[in-house]
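# Structural features, examined
The chain contents come next:
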Amino acid sequence: MKKKGVGIANMWYGIGNTGLPNPASAYVELLDDGTAIVLTGCADIGQGSDTILAQIAAEELGIDMDDVALISADTGVTPDAGKTSASRQTYISGNAVRFAAREAKGVVIDEAARLLSVDPEKITLRNKILTAEGTEKSISLLDCLNECRKQGKLTLGHGSFNPEVIALNSETGEGKPYACYGFATQVAEVEVDTETGDITVLRMVCAHDVGKAVNPSNVEGQIEGGVSNGLGYCLTEEIVVENGVIKNTDLATYLIPTSLDVPEIESIIVEDPEMTGPFMAKGVGEPALIPTPAAIANAIYDAVGVRVTELPVKKETLLFKMLKKEVS
Amino acid sequence: MVENRVVGKSVKKIDAKEKVLGTALYAADIKKKEMLYGKILTSNITHGILKSINTEKAKAVKGVHAVLTGEDVPGLNSTGMIIRDEPVIVKKGDKIRKIGDTLAIIAAETEEIAENALKMIEVEIEELTPVFCPYEAMKEGAPQVHEKGNILSVRKIIKGDVEDTFSKCAAVVEGTFKTGIQEHAYIEPEAGIAEVVGDVINVWCCTQNPHMDRKEIAANLNVGLQKVRVIQTTTGGGFGGKLDESVQIHLALLAKATNKPVKMVYSREESIIYTGKRHPITMKYKTGCDAQGMLLAMECEIVADTGAYASYGPGVATRCAVHATGPYYVPNVKITAFCIYTNNPRSGAFRGFGVPQVALAHESQLDMLAEKIGITPYEIRIKNALRPNMKTATDQLLEQSVGITKTLEAAKTRAEQLLKIRL
Amino acid sequence: MNTINISFKLNGKDMKMEIKPQLLLLDMLREELGLTGTKNGCGEGDCGACTVLFDGKPICSCLALAVNADGHEITTVEGLGSEEKLDPLQQAFIDEGAVQCGFCTPGMLLSAKALLNKNNDPSDAEIKRAISGNLCRCTGYTKIVKAIKKAAKMKEV
Ligand code: FES
Ligand code: FES
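Keep in mind that this is a model prediction, so the values were computed, not measured. (Residues numbered from 1 in each chain as written. Chains lettered and ligands numbered in written order. Predicted model: local features only at pLDDT ≥ 70, side-chain atom pairs only at ≥ 80, totals over all residues. Heavy atoms only, no water.)

### A few points about the domain arrangement of chain A
Residues and elements named next belong to chain A. The condition is simple: Where a domain begins and ends is set by an automatic assignment or by a domain database. Contacts: residue pairs with any heavy atoms within 4.5 Å of one another. Put simply, buried area is the surface a 1.4 Å probe can reach on two separate parts but cannot reach once they are joined, added for both.
You can read the domains of chain A as domain 1 (2–14 + 180–327) and domain 2 (24–161). Taking only C-alpha atoms, the centre of domain 1 and the centre of domain 2 are 39 Å apart. Counting residues at the interface gives 19 residues for domain 1, matched by 17 residues for domain 2. The largest share of the area that domain 1 buries against domain 2 comes from Val 214, Pro 278 and Phe 279, three residues that together contribute 43% of it.

### Thoughts on the layout of surface pockets
For the record, the criterion: Each cavity reported here is a set of points on a 1 Å grid over the protein atoms alone in which a 1.4 Å probe fits but cannot get out, each pocket an open set with protein on both sides within 12 Å along at least five of seven lines, and each lining residue one with an atom within 4 Å of a point. Grid points are joined across faces, edges and corners, and a volume is the space filled by probe spheres set on the points. Helix and strand assignments follow DSSP, with helices taken as H or I runs no shorter than four residues and strands as E runs no shorter than two, numbered in order from the N terminus. Residues are grouped as follows: Ala, Val, Leu, Ile, Met, Phe, Trp, Tyr, Cys and Pro are nonpolar; Asp, Glu, Lys and Arg are charged; every other residue, Gly included, is polar.
The volume enclosed by the largest pocket comes to roughly 1,400 Å³. Forming the boundary of the largest pocket are 40 residues, of which B:Glu111, B:Glu112, C:Leu24, C:Asp27 and C:Glu31 lie nearest the centre. Of all the secondary structure elements, the ones that give two or more residues to the lining of the largest pocket are strand E1 (36–42), helix H3 (111–118), strand E12 (262–265) and helix H8 (268–274) of chain B together with strand E2 (13–19) and helix H1 (25–32) of chain C. When residues of the lining of the largest pocket are assigned to their parent elements, the largest contribution, 5 residues, is made by H1(C). Partitioning the lining of the largest pocket into residue classes produces 14 nonpolar, 7 polar and 19 charged. Within this model, the second largest pocket holds a volume of roughly 700 Å³. Surrounding the second largest pocket, 31 residues form its lining, A:Ile199, A:Leu235, A:Thr236, A:Leu255 and A:Asp261 being those nearest its centre. Top contributing element to the lining of the second largest pocket by residue count: strand E10 (residues 199–209) of chain A, with 4 residues.

### A word on empty space enclosed by the protein
Scanning the entire structure with this criterion turns up 5 cavities of 30 Å³ or more. What the largest cavity holds in volume is close to 560 Å³. If you trace the largest cavity, you find 38 residues lining it, with A:Gln47, A:Ser87, A:Gln222, A:Val284 and A:Gly285 closest to the centre. Of all elements in the fold, only helix H1 (49–61), helix H2 (89–116) and helix H4 (216–235) of chain A reach the threshold of two or more residues within the lining of the largest cavity. In terms of residues, the lining of the largest cavity owes the most to one element, H4(A), which gives 3 residues. Here the lining of the largest cavity gathers at least three residues from each of two domains, domain 1 (2–14 + 180–327) and domain 2 (24–161) of chain A. Of the voids in this model, the second largest cavity is the one considered here, and its volume is about 290 Å³. The wall of the second largest cavity is formed by 21 residues, among which B:Glu86, B:Glu245, B:Ser246, B:His250 and B:Arg346 lie closest to the centre. Class assignment of the residues belonging to the lining of the second largest cavity gives a composition of 6 nonpolar, 9 polar and 6 charged.

### Quick notes on the interface of chain B and chain A
In many reports, interface size means the accessible area that the parts give up when they come together. This is how it is decided: Salt bridge criterion: a side-chain nitrogen from Lys or Arg within 4 Å of a carboxyl oxygen from Asp or Glu. Throughout this description, a polar contact denotes any pair of N or O atoms lying within 3.5 Å of each other; where both atoms belong to protein, one of them has to be capable of donating a hydrogen while the other can accept it, and for residues adjacent in sequence the pair is counted only when both atoms sit in side chains.
The interface of chain B with chain A comprises 108 residues on the first partner and 120 residues on the second. Where chain B abuts chain A, roughly 9,200 Å² becomes buried across the two surfaces, and 58% of that area is made up of carbon and sulfur atoms. On the chain B side of the contact with chain A, B:Arg5, B:His211 and B:Arg351 bury the most area, a combined 8% of that side's loss. The partner of B:Lys156 in a salt bridge is A:Glu171, with the nearest N and O atoms 3.2 Å apart. Joining chain B to chain A, the criterion identifies 61 residue pairs in polar contact (both at pLDDT 80 or more). The element best represented in the side of chain B that touches chain A is helix H10 (residues 355–373) of chain B, accounting for 11 residues. For the side of chain B that touches chain A, the per-class residue count stands at 48 nonpolar, 34 polar and 26 charged.

### Overview of the environment of B:Ile217
Residues and elements named next belong to chain B. Put simply, the rule is: Note on exposure labels: buried denotes an accessible area under 20% of the residue type's maximum, exposed denotes more than 50%, and partly exposed covers the range between, all computed with a 1.4 Å probe on protein chains only.
By the element assignment, Ile 217 lies in helix H6 (residues 210–221). Taking relative accessible area as the criterion, Ile 217 reaches 0% and is therefore assigned buried. Distance in space between the C-alpha atoms of Ile 217 and Asn 77 is 9.8 Å, their sequence separation being 140 residues. Those residues within four positions of Ile 217 in sequence are excluded, and the remaining contacts are Val 203, Val 228, Val 230, Gln 248, Ile 249 and Ala 252.

### Concerning the sheet that holds strand E10 (residues 200–205) of chain B
Residues and elements named next belong to chain B. To keep it simple, the criterion reads: A pair of strands is considered paired only if DSSP assigns at least 2 bridges between the two. Angles shown run from 0 to 180 degrees and are taken between the N-to-C directions of axes, each axis being a line fitted to C-alpha atoms and, for helices, limited to the stretch in contact.
With mixed pairing, the 7 strands of this open sheet are ordered in space as E3-E5-E1-E12-E9-E10-E11. Among the strands making up the open sheet, the edge pair consists of strand E3 (64–68) and strand E11 (228–232). Each adjacent strand pair in this sheet contributes to an overall mean axis angle of 20°, direction not counted. Relative to strand E5 (residues 102–108), E1 runs antiparallel, the two sharing 6 bridges. Paired with Thr 42 across the bridge in E5 is Thr 102.

Here's what the structure looks like:
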């Protein structure tokens, strides 16, 4: 018989290293023609940080995505941005890039303020136009850059960011391990075959608080990939070690999810703005997979009344426990 | 508020075009003139002492340009992201602590020559009794994986009084949860290529942190940081597994020794055997709540097996402890997280850093309590979820951007629509 | 060492090669011809990163000998589209965010191409089956399936 069940699981995840300094830095150069180069040490490993950081620079500089060239992760050229880990790059490198862009922008803003005879605070840069708020006065970014160059002013910026944390007390653990946290809730619907112990995950509903989704499609991509990772972790993936020796050293015996294993994934982006984040963003890379095994485990219990206590969930164990429950 | 023009938009990924065209260069795609191929000889025993190593025959093979052993590492001959406890190449007289510890590295004109030459290296190893179970390893008298003992780190979080509180709880549940070892299984196995240009050593590799690679290479080659340039190539996934050093230091050593470009690409098997994994963790949990389902106390003991080397182990165990309560307000906690050395494969960073493991435990415990008290899993979660101006187990006051009640509500609403159920 | 002469069509062009009999198709493409768009993720037929089209059918080039190409037609990702003229599949992969690390992408595209060549309106289930031999660790496949579905509906771009 096939039995369906639904399970729910929450998670939280501190963004950045735990109670330790973990700064990132970046350089931005606004070029003569209003395009820009961003230098960041941040390594994009496929998750999309290059795109996210370019978006942040473009937004801050009031220019288009196509105007930004980004060079990342070359120690000969780019400043240290720390590790691509701990779901930290959007938050930490994102801030570093934003501050670098802001510093470069500061030069044209000051220049525009001088040219338009207003306070620099009144100047906004958007869509390649510098406008004096509350007036009709404006100057194009291109003209303003031109004026800067005439005076020998380059438009460069450096930015760095180190989240505010307090180391944990070694006896009580008291401290401020992270400047901010990502949160998520996932709901799993599963079907358990009571004869074979086969578990099929039918659907995952995943709501993630990311502060602000810099790129919603990217956030979804992280959630979908994370869920797939979590699904494998929960049901099929296990490195078998006997006396220190790994027994399954290939992808035929170590089973990661294929296109046929991944269920319908419904992503919901929740934005509870993080005041210290770049455009209020936090992170999502790891949160995506954290609640998945727990949600599936709770759904299995809902379906057949057996509590999952070990990952991955083995069919035989599940069947055995189901039988034991029936007997008692 | 002015609307953003770029942030918040699903703009196309800037590297997608070269990836769909197949022109993006991953490390294995790079070729250089007169390039050599690197290979490593690794231990196939779990615990022992390298008594002797003879590379003469391997060196004599035609087409072999260098065979390096621990003696040939000019710098620290150690690596490790938190603690320098892992040899780059095990030196004669030193310890082997797991399958896959490097004993020698070779650069040759073809991969085939390198592989054949590897077989000609003669090693003598004195075997030691290994320890594979972290609980055994914690005991007095267990085989010692490292000199300082097998307990690598202990992280405690203590708040209030759990013992006293448990006695006043309306419901208390207990359980032990165990998780297995997960492999990152990025589709791109580790690869890199190194070349000395002038007096700068360039290393192109897949990595999650080129600046850390630079530090590790410089320390082991005994050169200034300015003499090492690490350039990340398009990287085919990482998930934490490309944070530790893999090919980087070995390549730099070989390029320096041969004065030729050297390339190394792990096979899938090598990738699985040599690189870190997700920590297997055992968690003993006890959680109590009042008659309404409000959490009052949580106690847990977490034991993470980091294998033969620390890698990110202490960080993972700390993260387990900090996140052990889940996103809930729990006034009384007693959490202890141990990170333990064994002779198992090394575990390190993996997407989630210990938190998926504890999530299984705390989320199961919440459901168990809800059932006892007679409320739904959703109710117990929404009641206890952290909100602004509440404190975490580490006594951190959360001031803003605490979205857990919002994600709960959003997930509930959508799940009820899609699954046609009541949560 | 003895060698064999083979001739075949590669990405629409006639090719002649003198090769060692035991050379793998994957190695011929990557090492001899410099077509590094085809990836090696396992070398054992498990991941699909090395997928190329052999007379229009997807095969793992890590399991095929180069000599088998003799008299046949091989298509790699380099033959799918160009900088100026992307294949609809390539465009859809970009548009739908179906590419993360990109290591599975070339193989994935070719498996999808083979499917669309014989079925221009595949269902989700058909798409999933067609790419089930191509492992992707990053995306969870969701956006890849969407992209393939979209490409099926797109005219040549
Ligand atoms: S490389 Fe051919 S299937 Fe993996
Ligand atoms: S995009 Fe990374 S493996 Fe598919």
